[in-house]
Amino acid sequence: NIRVHFEVDQAILTRHMSMEQRKNIYMISKEAINNAVKYSAACNLLFSLHHKGPGFQLTIKDDGVGFDMSNARKGNGMINMLARAEEMKSELQIESKPGAGTVVVLKW
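This structure is a prediction, so every number in the text was calculated from the model and none was measured.

Colleague: Is there a simple way to think about the pairing of strand E4 (residues 91-96) in this case?
Modeller: Regular strands place side chains that alternate from one sheet face to the opposite one. Residues Leu92, Ile94 and Ser96 point to one face of E4 and are all buried, whereas Glu91, Gln93 and Glu95, pointing to the other face, are not buried. Where E4 meets strand E5 (residues 102-107), six bridges bridge the pair, whose relative direction is antiparallel. Note on E5: the bridge partner recorded for Ile94 is Val104. What sits between E4 and E5 in their antiparallel hairpin is a turn of five residues, with Gly99 showing a positive phi close to 80°.

What follows is the structure, encoded as structure tokens:
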């Protein structure tokens, strides 16, 4: 029962990305959405992909229960997302607070 809000800049449609970039973006998105569905108890999920300066920014944000980043266990999902971001020479930020949801941002 999560309402999904989907925003994509049209500029993305003309951007050529390697198969490796597309795969990593897909897998990071899949993991972030899966985590939100399984753990967040969110009502809303925002998926946005925008042109930012010379690059692009993917944001996946939920309005769920959030978690304490200092006590979070880095499971395979989080480790894999970080490794995929590093593989494509991009920046991955994960921010969350109890009661304030979670935001995953990938910039490349």
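Colleague: Sorry if this is basic, but what is going on with the environment of Asp9 here?
Modeller: Tracing the sequence through the fold places Asp9 in the loop between strand E1 (3-8) and helix H1 (19-40). It is 8.4 Å that separates the C-alpha atoms of Asp9 and Ser48, two residues lying 39 residues apart in sequence.

Colleague: Even after reading the chapter, I still don't get the nonpolar core, so can you show me in this structure?
Modeller: With 21 residues, the main nonpolar core has Ile25, Leu58, Leu92, Leu106 and Trp108 as its most contacted residues. Going through the elements one at a time, H1, strand E2 (44-52), strand E3 (55-62), helix H2 (76-87), E4 and E5 are the ones with two or more residues in this core. With four residues, H1 is the single largest residue contributor to this core.

What counts and what doesn't
- Residues numbered from 1 in each chain as written.
- Predicted model: local features only at pLDDT ≥ 70, side-chain atom pairs only at ≥ 80, totals over all residues.
- Heavy atoms only, no water.
- Buried < 20%, exposed > 50% of the residue type's maximum accessible area, 1.4 Å probe, protein only.
- Helix = DSSP H or I, 4+ residues; strand = E, 2+ residues; numbered from the N terminus.
- Pairing = 2+ DSSP bridges.
- Core = buried A, V, L, I, M, F, W, Y, C linked by side-chain atoms within 4.5 Å.

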